[in-house]
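Now for the letters of each chain:
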2 protein chains.
Amino acid sequence: MRATTIHGPGDIRFEEVADPVIRKPTDAIVRVTAGCICGSDLWPYRGENPVRRGSTIGHECIGVVEEVGAEVRDFRAGDFVVVPFCHCDNTCAHCRAGVQSACVNISMTASGQGELALVGQADGSLVATGDTPGDDELASVLALSDVMPTGWHAAVSAGVAKGGSVVVVGDGAVGLCGVLAASVMGAETIVAMSRHEPRQLIAKDFGATHVVAERGDAAEEAVMEITDGVGADAVLECVGTDAAIQTAFAVARPGSTVGFVGVPHGVELPVGRMFSKNVGLRGGVAPVRRYLPELLDLVRDGRIDPGKVFDLTLPMAESPEGYRAMDERRAIKVMLRP
Amino acid sequence: MRATTIHGPGDIRFEEVADPVIRKPTDAIVRVTAGCICGSDLWPYRGENPVRRGSTIGHECIGVVEEVGAEVRDFRAGDFVVVPFCHCDNTCAHCRAGVQSACVNISMTASGQGELALVGQADGSLVATGDTPGDDELASVLALSDVMPTGWHAAVSAGVAKGGSVVVVGDGAVGLCGVLAASVMGAETIVAMSRHEPRQLIAKDFGATHVVAERGDAAEEAVMEITDGVGADAVLECVGTDAAIQTAFAVARPGSTVGFVGVPHGVELPVGRMFSKNVGLRGGVAPVRRYLPELLDLVRDGRIDPGKVFDLTLPMAESPEGYRAMDERRAIKVMLRP
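Residues numbered from 1 in each chain as written. Chains lettered and ligands numbered in written order. Predicted model: local features only at pLDDT ≥ 70, side-chain atom pairs only at ≥ 80, totals over all residues. Heavy atoms only, no water.

## Brief notes about the environment of D123(A)
Residue and element names in this part refer to chain A. As for its position among the elements, D123 is in helix α3 (residues 122–125). Residue classification places D123 among the partly exposed residues on the basis of a relative accessible area of 24%. In this structure, the C-alpha to C-alpha distance between D123 and D27, residues 96 residues apart in sequence, is 8.6 Å. Discounting chain neighbours no more than four positions away, the residues touching D123 are E71, V72, R73, D74 and F75. Within the local environment of D123, its side chain forms a polar contact with the backbone nitrogen of D74, the two atoms lying 2.8 Å apart. (Helix = DSSP H or I, 4+ residues; strand = E, 2+ residues; numbered from the N terminus. Buried < 20%, exposed > 50% of the residue type's maximum accessible area, 1.4 Å probe, protein only. Contact = heavy atoms within 4.5 Å. Polar contact = N/O pair within 3.5 Å; in protein donor to acceptor, adjacent residues only side chain to side chain.)

Okay, here's the thing in structure tokens:
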């Protein structure tokens, strides 16, 4: 098959690789209808994470089941499915506790920007859409493989509550989905931190009541003004840098929780401040499978439209351009079609 | 008055100092019936925290109101009261949210190991016992000024739930009170980490179902065996050292929360593990006033007896010996009487 690969920092290719094969009887292979580029794919692209030369890249996709292993009971060839980026048996103690991202049989999608994707623990991982999503909802269904459940997880982890105030740090696709999640959960005040007009517009469309373009101390002051000097009831950290984490804790009110979903890079948690202000931290790798049924219903009922985070669609063969566009912030999030 | 003072590492004295005076109309002065030494007092005693030479030390006490400022409405001379170590107006936004330890008008007891203690925001801070506690419950009432609510806060922060498993890291008086809190909250499995037999006995008396004497990797293995390889549903970190924090996260199951109340010293939070395992952190300085009415009822109804953590009572004039006894772990917690 052909798939997107990474050979080093800035070196993305679309090329012929070996087809995935069923190795375990619980595996399935999905023919990708649409995949996309994740903000976290930019870490290796930018040389911040080590890479294995020539390995496939891309963990978000939806598509049609092509083949299933002998023990897969709930899916068969032809089913249209959402593939959670982390695969889980959905039966172990961690899955039962709602932390499918810590499943004892965890694996991850490795070629979501290619023509075929191998899925481990297919019965536990996949969620069928029932029919083939139309062009009008394809993007929103694709968003369910990672970005929307990740924004949702930030909101759940931060304890977003009806009527409360929420600050979302990060205006990438995850942060925007965090705004959408907070809105669905009934937050009254939703502050999107964003300096980029196209992203500010989506944030507002998703339910942001305020936009703060400042950073650092000025951002903190702006949030304090919006929240009558109290700080936010919940903060969603959707970046993963130390600056974003420090801002998140600076704007969180005492007793609140920062929900973090940005993969930490060079982060030093402000333990003294956390202790003196009683500001907690929860979150991590999103248990996508846990949220999928509920979020799929919201999409199909037309109540949420997370697909709006895709502002560029390219043929899969042009994935290198997709990376460049996201790296240079010319695109918020790029969809790739075979 | 005479009070305990600190002049440098290891240099505790009991000497004549200026009487506290009412400076704000919301202040009160309490004549100390009993005070005690906190584990956190050992940080400056051991030279880990800077000290101002000759300053009074001691933030835990109970006693009788001696004098109140002009605006104090709810208390008058003669009332027997519990003095929360951190004083609060109990009306600001943070207090209303249950984080009285972040009150905008916060202050702390500064001479709880002396004859008189100044209390800020008396109406918001103090809790009257209604009568004078008898000798049989004096210790347990004294424990309400800090140590018991702090252990309770660890359990609340960690989300201890009925029927769940709990690990308590730290067998100091706070850790033991954490065991007691977990027991009252209905935890089914309570693991006390302790290497000291007298403390193990109190832990068991307070409701510990298991004692783990190991540390480091061996401690982690022991907890994994007790919890069927899953890890604990809730972990209470009651020490404040980096080793204790690392152990706490090592034994916490994915999706759980570490409740921390040990003042962090040299702690580097394991952000990568927290993220990959979805283990959260909550807690900090205990909002004593929030828990006081409920805990006072439990004490007076005879349902909890946190006073058992006091295994040495000394005349206040012998406070230097009290510090030595706690520093050398000859005593778990020392009560001081005028």
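Let's pick the thread back up.
## A few points about the sheet that holds strand β1 (residues 2–8) of chain B
Across a sheet, strands are paired by hydrogen bonds formed along the backbone, either parallel or antiparallel in direction. Residues and elements named next belong to chain B. With respect to topology, three strands assemble into an open sheet ordered β2-β1-β4, the strand pairing being antiparallel. Looking at strand neighbours, the two that pair on one side only are β2 (11–16) and β4 (55–56), the edges of this open sheet. In this sheet, β4 lies alongside β1 in antiparallel orientation, the contact comprising two bridges. For I6, the partnering residue across the bridge sits in β4 and is S55. (Pairing = 2+ DSSP bridges.)

## Focus on the UniProt feature "domain: Enoyl reductase (ER)" (unreviewed entry) in chain A
Following the UniProt record, the feature "domain: Enoyl reductase (ER)" (unreviewed entry) maps to residues 8–336 of chain A here. End C-alpha atoms of residues 8–336 of chain A are separated by 21 Å, and the span's content is 32% helix alongside 24% strand. (UniProt positions renumbered as here; feature names shortened; annotations may be inferred.)

## Topic: the relation of the copies chain B and chain A
When chain B is brought onto chain A, the operation consists of a screw motion whose angular component is 180° and whose axial shift is 0.0 Å, with 0.0 Å RMSD remaining. The superposition operator between the copies reduces to a two-fold rotation axis. The C-alpha atom lying nearest the rotation axis in chain B is that of L281(B); the distance is 2.6 Å. Interface residue correspondence from chain B to chain A reaches 100%, placing this contact among same-surface, isologous pairings. (Least-squares fit on C-alpha atoms with pLDDT ≥ 70 in both.)

## A look at the packing of aromatic side chains
Residues and elements named next belong to chain A. Under the definition given, this model contains four aromatic pairs over all chains. Note on Y45 and Y323: the rings are 5.4 Å apart at their centroids and 40° apart in plane angle, and the pair reads as tilted. Here Y45, found in helix α1 (residues 42–45), pairs with Y323, found in helix α12 (residues 319–327); they are 278 residues apart in sequence, far enough to count as distant. Both residues of the pair, Y45 and Y323, belong to the buried class. (Phe/Tyr/Trp six-rings, centres within 6.5 Å; stacked < 30°, edge-to-face > 60°.)

## So, the interface of chain B and chain A
Contacts between the two partners involve 33 residues from chain B and, on the opposite side, 33 residues from chain A. Of the roughly 2,700 Å² buried between chain B and chain A, counting both surfaces, carbon and sulfur atoms make up 67%. Between the two partners, chain B and chain A, sit zero salt bridges. Remark: the boundary between chain B and chain A carries 13 residue pairs in polar contact (both at pLDDT 80 or more). A total of six residues in the side of chain B that touches chain A trace back to one element, the largest contributor, which is strand β15 (residues 252–260) of chain B. Within the side of chain B that touches chain A, the residues separate by chemical class into 18 nonpolar, twelve polar and three charged. (Buried area = accessible area lost by both parts, 1.4 Å probe. Salt bridge = Lys/Arg side-chain N within 4 Å of Asp/Glu carboxyl O. Nonpolar A, V, L, I, M, F, W, Y, C, P; charged D, E, K, R; others polar.)

## Re the pairing of strand β12 (residues 189–193) of chain B
Residue and element names in this part refer to chain B. Buried residues dominate β12, accounting for five of its five residues. Along β12, one buried face is formed by T189, V191 and M193 and the opposite face, lined by I190 and A192, is buried too. Between the parallel elements strand β11 (residues 165–169) and β12, the chain passes through helix α6 (residues 173–184) in a crossover that is right-handed. The pairing of β12 with strand β13 (residues 210–212) spans three bridges and is classified as parallel. Of the residues in β13, the one forming a bridge with M193 is V212. In this view, the connection linking β12 to its parallel neighbour β13 by way of helix α7 (residues 197–206) has right-handed handedness. (Right-handed = clockwise from strand over helix to strand, strands pointing away.)

## A short note on the domain arrangement of chain A
Residues and elements named next belong to chain A. Once the domains are mapped, chain A shows domain 1 (2–146 + 287–337) and domain 2 (149–283). When each unit is reduced to the centre of its C-alpha atoms, the spacing between domain 1 and domain 2 is 26 Å. The interface of domain 1 with domain 2 comprises 25 residues on the first partner and 21 residues on the second. Across the domain 1 to domain 2 interface the summed buried area is about 1,900 Å²; carbon plus sulfur atoms make up 68%. Considering only the side of domain 1, the residues that lose the most area to domain 2 are W43, R329 and I332, jointly responsible for 32% of the buried surface there. On inspection of domain 1 and its partner domain 2, the count reaches two salt bridges. In this structure, the connection of domain 1 to domain 2 is made through seven residue pairs in polar contact (both at pLDDT 80 or more). When its residues are assigned to classes, the side of domain 1 that touches domain 2 shows 14 nonpolar, two polar and nine charged. (Domains from an automatic or database assignment.)

## A few points about the pattern of salt bridges
Residues and elements named next belong to chain A. For the coordinates displayed, the defined rule picks out 28 salt bridges over all chains. A salt bridge links K333 to E60; the nearest nitrogen and oxygen atoms lie 3.1 Å apart. Placement of K333 in the loop between α12 and β18 (334–337) and of E60 in strand β5 (residues 60–68) is noted, with a sequence separation of 273 residues between them. Here K333 matches E60 in class, with each residue buried. For R253, the salt bridge goes to D233, with nearest N and O atoms at 2.8 Å. Taken together, the residues R253 in strand β15 (residues 252–260) and D233 in strand β14 (residues 232–237) connect sequence positions 20 residues apart. You can call R253 buried: its relative accessible area is 15%. With a relative accessible area of 31%, D233 lands in the partly exposed category.

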